[in-house]
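For reference, the chains in residue letters:
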Amino acid sequence: MIEKVDLEKVNLQEITKNIKDQHVNFAVSNVNNHCLRIAVFSGEYKWHYHSNSDELFTVLEGELFIDFEDKDTIVLKPNDTLLIPAGTVHRTRAKQRTVNLCFEDKNADTIMINK
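Residues numbered from 1 in each chain as written. Predicted model: local features only at pLDDT ≥ 70, side-chain atom pairs only at ≥ 80, totals over all residues. Heavy atoms only, no water.

## A closer look at the nonpolar core
Step number 1: Within the largest apolar cluster, twelve residues are counted, these being A39, F41, F57, V59, L64, I66, F68, L76, L82, I84, A94 and C102.
Step number 2: Elements supplying a minimum of two residues to this core: β2 (34-44), β4 (55-61), β5 (64-68), β7 (81-84) and β8 (90-105).
Step number 3: At three residues, β5 tops the list of elements feeding residues into this core.
Step number 4: Formed by seven residues, the second largest nonpolar core is a distinct cluster that contains V24, I38, V40 and L101. (Core = buried A, V, L, I, M, F, W, Y, C linked by side-chain atoms within 4.5 Å. Buried < 20%, exposed > 50% of the residue type's maximum accessible area, 1.4 Å probe, protein only. Helix = DSSP H or I, 4+ residues; strand = E, 2+ residues; numbered from the N terminus.)

## Focus: the pairing of β5
Looking along a regular strand, one sees side chains alternate from face to face of the sheet.
Step number 1: Across the five residues that make up β5, a large majority, five, are buried.
Step number 2: Where β5 meets strand β6 (residues 74-76), three bridges bridge the pair, whose relative direction is antiparallel. Along β6, the bridge assignment pairs F65 with V75.
Step number 3: Where β5 folds back onto β6 in an antiparallel hairpin, the turn is made up of five residues.
Step number 4: Both β5 and β8 contribute to a ladder of four bridges, which runs antiparallel. When the sheet's bridge partners are listed, F68 is paired in β8 with H90. (Pairing = 2+ DSSP bridges.)

## Quick notes on the pairing of β4
Step number 1: The sheet contact formed by β4 and β7 spans four bridges and is antiparallel. Considered in β7, the bridge of L56 is made with L83.
Step number 2: Two strands pair when backbone bridges link them, and β4 and β8 are joined in this way by six bridges, in the antiparallel orientation. Note that in β8 the partner of V59 across the bridge is N100.

Structural data, given as structure tokens:
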């Protein structure tokens, strides 16, 4: 027997348009063993890495700066995407309100680094 699944349409602009907090990050959907998260933020996130998951970023609004400990900073603008391999030390920054999607393993760990 096939299980019935409720289909739910989600409009990303609608769910983020009224967020005024400096940092909000939540799951939008689960896809098999992965999770699609959306983040609305400004400022800096801490240096970290994920030992067990790649991380795919897609910017919807604003500019996302991704700093690396051993590479130049990459700037993502709306509709840009970047895959960060597991184990890569990085941090995200935004000078103004930025909205981005992140696709990663549901059980991704986050290991913080003091810098």
